[in-house]
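# Per-entry structural report
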Amino acid sequence: MVDPTGRYLLVVDMTGGDLYRLATAPDAAGPVRKVTLNGGDVVHGDGLDLVDHTLRVAHNAVNTVSRWTVSDDYATATLVEQFTDESLAIPTTLVRAGDRTLVVASQFDKGGPMSPGTPATPFRIVAVRI
């Protein structure tokens, strides 16, 4: 996810639970920096959505969406809120739309990497307020 200025790219390490800030300018000091996370982690983080200094993370295997406030330099993020519900069905990506967050229910537990089976079609989009 790129910050509004295009200066930084935020990426998640889903197994380690860390968030990283990558500088997009080749001459930037410290091109890769681990973001300091206050109040939580981003374990199982998959999809990211960044609007201004609000970052939302879809945590796939734990059916959770979290909301973070990110500092002006994108070096620190503070957990504000988490929403967990089985209806998220292993969320993989999300986007903010008005006052809702739209989350894709992946169905990875139905024929994906988490169990055998066949996904239902069409895929569901779950709207949450976080």
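Refer to the structure above for everything that follows.
Residues numbered from 1 in each chain as written. Predicted model: local features only at pLDDT ≥ 70, side-chain atom pairs only at ≥ 80, totals over all residues. Heavy atoms only, no water.

Moving on, we get to the pairing of strand S7 (residues 64-70). Burial within S7 is extensive, with five of its seven residues counted as buried. Judged from the six bridges that link them, strand S6 (residues 54-59) and S7 form a sheet pairing that is antiparallel. Paired with Leu55 across the bridge in S7 is Trp68. Taken together, S6 and the strand that follows it, S7, pair antiparallel across an intervening segment of four residues, in which Asn63 is found at a positive phi of about 50 degrees. Where S7 meets strand S8 (residues 76-84), seven bridges bridge the pair, whose relative direction is antiparallel. Note that in S8 the partner of Trp68 across the bridge is Leu79. The turn linking S7 back onto S8 is made up of five residues, and Tyr74 within it adopts a positive phi angle of 60 degrees. (Buried < 20%, exposed > 50% of the residue type's maximum accessible area, 1.4 Å probe, protein only. Helix = DSSP H or I, 4+ residues; strand = E, 2+ residues; numbered from the N terminus. Pairing = 2+ DSSP bridges.)

With that out of the way, let us pick up the sheet that holds S6. Reading across from one edge, S4-S8-S7-S6-S5 is the order of the five strands in this open sheet, with mixed pairing throughout. At either margin of the open sheet sits one strand with a lone partner, and together these are strand S4 (36-38) and strand S5 (45-51). Looking at each pair of strands side by side, their axes are set apart by 30 degrees on average, direction ignored. (Axes fitted to C-alpha atoms, helices over the stretch in contact; angles between N-to-C directions.)

Attention now goes to the sheet that holds strand S9 (residues 91-97). Paired through their backbone hydrogen bonds, the strands of a sheet run either parallel or antiparallel. Ordered by their spatial adjacency, three strands build an open sheet running S9-S10-S11, and the pairing between neighbours is antiparallel. Sheet topology places S9 and strand S11 (124-128) at the edges, where each strand pairs with a single neighbour. Strand-to-strand twist in this sheet, taken as the mean axis angle between neighbours without regard to direction, amounts to 25 degrees. Pairing analysis gives six bridges linking S9 to strand S10 (residues 100-105), with the strands arranged antiparallel. What sits directly across from Thr93, in S10, is Val104.

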